[in-house]
Amino acid sequence: MNRLVLTYVFLFSTNFIVFGQEAVPDMHAVLVDEPITVDGQLTEKVWQEGGWIADFIQTFPTDTLPAIGKTQVKIAYDDKFLYIAAVMLSPEPRDSYVSTSLRRDYRGNQNDGISFVIDTFNDKTNGYIFGVNPYGVQREAMVGNGGLQPTDFNLAWDNKWYSEAVILEDRWVAEIAIPFSTLRYKDATDNWNVNVYRIDSKYSEKTTWTPIPRNFNVTHMAFSRNLYFPKPLPKSGGNYSLIPYAAMVTSNNSLEGIREPLKPSFGGDAKIGLGPALNLDLTVNPDFSQVEVDEQVTNLDRFEIFFPERRQFFLENADLFADFGTDRIRPFFSRRIGVDRDESTGQNVQNQILYGARLSGKLTDDWRVGAMNMQTGSDPLRGITGKNFSVAALQRKVFNRSNVGVMLINRETLDMEKTNLVNGDHNRLAGIDYNLFSKDNRWSGKFFYHRTFEEGVDDDTGTGHAQLAFSDVNFNAGLAYSYVGENYNPLVGYTPRTGYQRIAPEIGYTFFPDSEQVNRHGPSIVSETLWNPALGVTDELHALNYLVQFHSFAEVTLSANNQYTYLFFPFDPTRTGGEPLAEGTAYRYSYLGIDFRTDPRKALALRGTGQIGQYYSGTMANFTGMAEWRIGYRANITMNLSYSRIRLPEPQNDADLFLIGPRIDLTFTRSLFWTTFVQYNNQIDNININTRIQWRYAPVSDLFMVYTDNYFPGTFASKQRAFVMKLNYWLNL
């Protein structure tokens, strides 16, 4: 208690010094020779001296006013650690803050927190984010492609670092120590690009040290200032880590009559730092059984649904591989690895990965490289022969923040038991991408050409894409064109349809009114048209949207949509086995849509999307949403609901499709979590239960216990069930 009082008195007294100083355009780290204890107390000498930065400015709700909640930050370092101290003041006393849970890697505007964006190579394109909230919950992420899109922000990256936080009467304090071995940076460098941003839930405020226009995210790497070190930094070191695991697994597949008795499994990963900026990751018999199951969706689309990658091994430096192509024309999709076709049932099933290696990182300031090789096993009972997957990517920075990259992909059928290739059974891809990012972030674009190679297939196997977008504070516009060849076939990618051309313009305008409630509002028009030479226009979607966003972070978008669909194969819109709509028929239909979310800071928050109107030859009313009840920061109770009421003229089926998914997430401490997820889906006649306990008994080291079951809703007879207990440990060498 005495130390807390001392810290409070010290920080109160230094306010007059820090905030009375002139604004510091850059930040200067202090070299220390005394030990710093990471306890959130800030009693060390270095924290009691000047050199704090404090000139934070809003980026939400405005981008012109100084912060309501003042923030002070100072950075120090020694030969092993980068130290950060931050003081987050409040204009009025408060003893509670918003934290959705105590689980690591929190995310969302409702969470109070301070985050540090570190660009160690000064390229304003790739970097790290470290953050902590008032309750000491950590978050770390890797940022790629300048942080333009939410997908460029990768919270799945984990590493060892240390932090503590303390809540006082009118402020909270954070203290952080990041090992230099955790980071990658150029040898003998004496400056980095950095930015700091804070979210304050009480005042609905986002503030940053480097000013950021309010039409951009706070994670944008284009906006930063210099952090100077008085002496060149020490070499980042080898950073060698072993992450072994041991698991016990049992399963029962009642549908196929296969029962797996309880058996042990062993494997692990190794992380090896090769020089200052290059990582080698190795894995043997990887196990992903602790990964949470995908949230089911009601499938009303004619094509395959995309589910994001969740497996840790494939996520670090993922942008080197995953950012080639676009969201619907992906040359590489890592979830294809470890999935194969069961020849006895025709279904896609999980297939064991035997081993893998990935090399990724920077060669120089301008060159990045990525290479990966993975080998899967054979399963004679299912008619599966092992596959070898090889991916290589090379990226070169051009101009200020843009880059050009080339990618090579090879999937080869390879039976490791017989150690032979199956002649002719391969799928290969070569491609080149150019990513445009202007210095001020207002212009962005993507241009690429990819081509696949298979035995006996030579014609029309390429795809090309050109996209250019402009975004200013009020005005945004974009235009995209794609060509996808009829025989383009990226088996290791995600391209749900081929044989078409697409053009997609969009334009929007945003107003920022002088209002106590509304932060911004404005219209946008989004359009896309698909066609091919044989059939002409096959698809159109034209939407007029209007967005209203409030100071409370709540928002609503209303839309009027007109759609045209030509069916080039029979299709049942309900996917319930009814009479399909005939091949060669075409439909034009209109509907209204809504997308909304309430104030996420409230204990009860809602969000959802819906549409009502015409649907092919009939009508549909659809709603998909979520209600979240937060009990402090220890419990989140969520109800996911999807309902589609489809009415079609005979002989097609009518349908009432339900998907209900209650979820309970309990965070007992910052290291003990329990999540239970139930999903009922009448479209596929299934009830799924997934319950998972996670104990983080040491930094980045966990014990998992996971139980999964699938039932028939009518009889509650089990389809498939499995139980896993897994222990892993992160060992730094």
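Residues numbered from 1 in each chain as written. Predicted model: local features only at pLDDT ≥ 70, side-chain atom pairs only at ≥ 80, totals over all residues. Heavy atoms only, no water.

## Some points on the overall build of the chain
For clarity, the cut-off: Under the DSSP-based scheme used, a helix requires at least four consecutive residues in state H or I and a strand at least two consecutive residues in state E, with every element numbered from the N terminus. Throughout, radius of gyration means the C-alpha value; the globule benchmark is 2.2 Å times the number of residues raised to the power 0.38. With a 1.4 Å probe rolled over the protein chains alone, any residue whose accessible area is under 20% of its type maximum counts as buried; one over 50% counts as exposed, and the rest are partly exposed. By definition in these notes, contact holds between two residues if any of their heavy atoms fall within 4.5 Å. Only the protein chains shown count as cover for residues, and the accessible areas themselves come from Shrake-Rupley with a 1.4 Å probe. Under this rule, positive means Lys or Arg and negative means Asp or Glu; His and the chain ends count for nothing. Note on charges: their place is set at NZ of Lys, CZ of Arg, CG of Asp or CD of Glu.
Helix and strand content of the chain: 2 helices and 41 strands. Here the C-alpha radius of gyration of the chain, 27 Å, is about what a compact globule of 733 residues would show, namely 27 Å. When each of the 733 residues of the chain is scored for burial, the buried share is 52%. Of the contacts formed within the chain by residues at least 6 apart in sequence, a portion of 59% connects residues at least 24 apart. When the accessible surface of the chain is split by element, carbon and sulfur atoms take 58% of a total near 32000 Å². Computed over 68 positive and 82 negative side-chain charges, the inter-centroid distance for the chain is 3 Å.

## Re the sheet that holds strand β11 (residues 171-179)
Selection criterion: Strand pairing is defined by DSSP finding a minimum of two bridges between the two strands.
Here we have 5 strands laid out as an open sheet, ordered β2-β4-β5-β11-β10, and mixed in their pairing. Only two strands of the sheet have a single neighbouring strand rather than two, namely β2 (30-31) and β10 (162-167). Note that strand β4 (residues 71-77) and strand β5 (residues 81-89) share 7 bridges and pair antiparallel. Across the sheet, Tyr77 pairs through a bridge with Leu82, a residue of β5.

## Remarks on the side chain of Arg330
For clarity, the threshold we go by: Between Lys or Arg on one side and Asp or Glu on the other, a salt bridge is scored when a side-chain nitrogen of the former is within 4 Å of a carboxyl oxygen of the latter.
Looking at where Arg330 falls in the secondary structure, it is placed in the loop between α2 (319-322) and β18 (339-341). Despite its burial, Arg330 pairs with no opposite charge, the nearest such side chain being Asp323 at 6.1 Å. Other than its neighbours up to four places away in sequence, Arg330 contacts Phe306, Ala322, Phe324, Pro490, Gly493, Tyr494 and Thr495.

## Thoughts on the environment of Phe553
Within the secondary structure, Phe553 is located in the loop between β30 (536-550) and β31 (555-566). With relative accessibility at 3%, the residue Phe553 sits in the buried group. Separated by 444 residues in the primary sequence, Phe553 and Asn109 have C-alpha atoms spaced 7.3 Å apart. Setting aside anything within four residues of it in sequence, one finds Phe553 in contact with Phe60, Asn109, Ser204, Glu205, Lys206, Arg597, Pro600 and Arg601.

## Quick look at empty space enclosed by the protein
Where we set the bar: We place a 1 Å grid over just the protein atoms. Points where a 1.4 Å probe fits but has no way out form a cavity, open points with protein on both sides within 12 Å along at least 5 of 7 lines form a pocket, and any residue with an atom within 4 Å of a point lines it. Grid points are joined across faces, edges and corners, and a volume is the space filled by probe spheres set on the points. Classification used: nonpolar for Ala, Val, Leu, Ile, Met, Phe, Trp, Tyr, Cys and Pro, charged for Asp, Glu, Lys and Arg, polar for all others including Gly.
According to the stated counting rule, one finds 4 cavities of 30 Å³ or more in the structure shown. Volume-wise, the largest cavity comes out at about 90 Å³. Taken together, 13 residues form the lining of the largest cavity, with Asp123, Asn126, Arg368, Gln395 and Lys397 sitting closest to its centre. When contributions to the lining of the largest cavity are tallied by element, the ones reaching two or more residues are β22 (387-398) and β23 (402-415). Looking at the lining of the largest cavity element by element, the count peaks at 3 residues for β22. Class assignment of the residues belonging to the lining of the largest cavity gives a composition of no nonpolar, 5 polar and 8 charged. Approximately 50 Å³ is the volume found for the second largest cavity. Each residue belonging to the lining of the second largest cavity can be placed in one class, and the counts come to 10 nonpolar, 1 polar and no charged.

## Considerations on the pairing of strand β16 (residues 258-274)
Bridging between strand β15 (residues 240-253) and β16 involves 13 bridges; their strand directions are antiparallel. Within β16, the residue paired with Asn253 across the bridge is Ile258. Between β15 and β16, which pair antiparallel and follow one another directly, the connecting turn spans 4 residues, one of which, Gly257, has a positive phi of 70 degrees. Note: β16 against strand β17 (residues 278-284), 7 bridges, orientation antiparallel. Its bridge partner lying in β17, Asp269 is registered against Thr283. What sits between β16 and β17 in their antiparallel hairpin is a turn of 3 residues, with Gly275 showing a positive phi close to 80 degrees.

## As for a nonpolar patch on the surface
Note the cut-off: Grouping into patches uses exposed residues only, defined as over 30% relative accessible area, and leaves out salt-bridged ones; the cut-off is 9 Å for like charges and 5 Å for nonpolar side chains (Val, Leu, Ile, Met, Phe, Trp, Tyr).
Among the surface-exposed residues, Phe475, Ile507, Tyr509, Phe511, Ile525, Leu544 and Tyr546 lie close enough to one another that they form a single nonpolar patch of about 620 Å² accessible area. Secondary-structure elements contributing two or more residues to the nonpolar patch are β28 (500-509) and β30. Its location among the elements puts Ile507 in strand β28. The class for Ile507 is partly exposed, based on a relative accessible area of 40%.

## Topic: the nonpolar core
Put simply, the rule is: Definition of nonpolar core: a set of buried residues of the types Ala, Val, Leu, Ile, Met, Phe, Trp, Tyr and Cys, connected through side-chain atoms within 4.5 Å.
One finds Leu82, Ile114, Ile178 and Trp192 to be the most contacted residues of the largest nonpolar core, which totals 41 residues. Taken together, the elements giving at least two residues each to this core come down to β4, β5, β6 (113-119), β7 (127-132), β11 and β12 (191-200).

## Describing the confidence of the model for the chain
Using the following cut-off: Note on scores: pLDDT gives the predictor's confidence for each residue, bounded by 0 and 100.
For the chain, mean pLDDT is 88; residues scoring 70 or higher make up 93% of the total. Confidence scores differ between elements of the chain, with helix α1 (residues 2-18) showing the lowest mean pLDDT of 40 and β28 the highest of 98. Note on residues 1-24: pLDDT under 50 across the span, and 39 contacts to partners over four residues away in sequence or across chains.

## Regarding the pattern of salt bridges
When their charged atoms lie close together, side chains carrying opposite charge are able to pair. What the rule picks out here adds up to 29 salt bridges. With a closest N to O distance of 2.9 Å, Asp599 and Arg601 form a salt bridge. By relative accessible area, which is 19% here, Arg601 ends up buried. Residues joined in a network through salt bridges with shared partners are Arg94, Asp112, Arg198 and Asp200.

## Some points on the environment of Leu703
When you line up the elements, Leu703 lands in strand β39 (residues 701-711). Placed 49 residues apart in sequence, Leu703 and Asp654 show a C-alpha to C-alpha distance of 47 Å. Leu703 has contacts with Ile693, Gln694, Trp695, Tyr697, Met725, Lys726 and Leu727, leaving out every residue within four places of it along the chain.

## Points about the packing of aromatic side chains
Applied cut-off: For Phe, Tyr and Trp, rings pair up if their centres lie within 6.5 Å, where Trp contributes its six-membered ring, and each pair is then called stacked (planes under 30 degrees apart), edge-to-face (over 60) or tilted (otherwise). Here, a charge over a ring means that NZ of Lys or CZ of Arg falls within 6 Å of the ring centre while also lying within 35 degrees of the ring normal.
Using the criterion set out here, one finds 34 aromatic pairs in the structure. Look at Phe596 and Phe623: their rings are 6.4 Å apart centre to centre, the planes differ by 20 degrees, and that puts the pair in the stacked class. A residue pair is termed long-range when its members are at least 10 positions apart, and Phe596 in strand β32 (residues 586-597) and Phe623 in strand β34 (residues 618-631) qualify at 27 residues. Judged by its relative accessible area of 33%, Phe623 falls in the partly exposed class. Ring centres of Trp695 and Tyr697 lie 5.5 Å apart, and the angle between their planes is 55 degrees; this geometry places the pair in the tilted category. Counting every residue linked through ring pairs, the aromatic cluster contains Phe571, Tyr587, Tyr589, Tyr591, Tyr615 and Tyr616. In this structure, Lys726 packs its charged tip against the face of Tyr245, placed 4.9 Å from the ring centre.

## With respect to the side chain of Lys446
Put simply, the rule is: Think of a polar contact as two N or O atoms within 3.5 Å of one another; within protein, one of them needs to be a possible hydrogen donor and the other a possible acceptor, and neighboring residues in sequence only count if both atoms come from side chains.
With respect to the secondary-structure elements, Lys446 resides in strand β25 (residues 443-453). At 3.5 Å, the side chain of Lys446 and the backbone oxygen of Gly325 are in polar contact. Setting aside chain neighbours within four positions, we find Lys446 in contact with Asp323, Phe324, Gly325, Thr326, Asp433, Tyr434, Asn435, His465, Ala466 and Gln467.

## A look at unusual backbone geometry
Each neighbour pair has its own omega, and for Phe60 with Pro61 the value is 10 degrees, a cis peptide bond. With respect to the secondary-structure elements, Pro61 resides in the loop between β3 (57-60) and β4. In this chain, Glu650 is followed by Pro651 through a cis amide linkage whose omega measures 10 degrees. For Pro651, the position within the fold is in the loop between β35 (635-647) and β36 (655-667). One non-glycine residue, Phe399, lies in positive phi territory at about 55 degrees. Relative to the helices and strands, Phe399 is located in the loop between β22 and β23. Unlike most non-glycine residues, Asn441 shows phi in positive territory, near 75 degrees.

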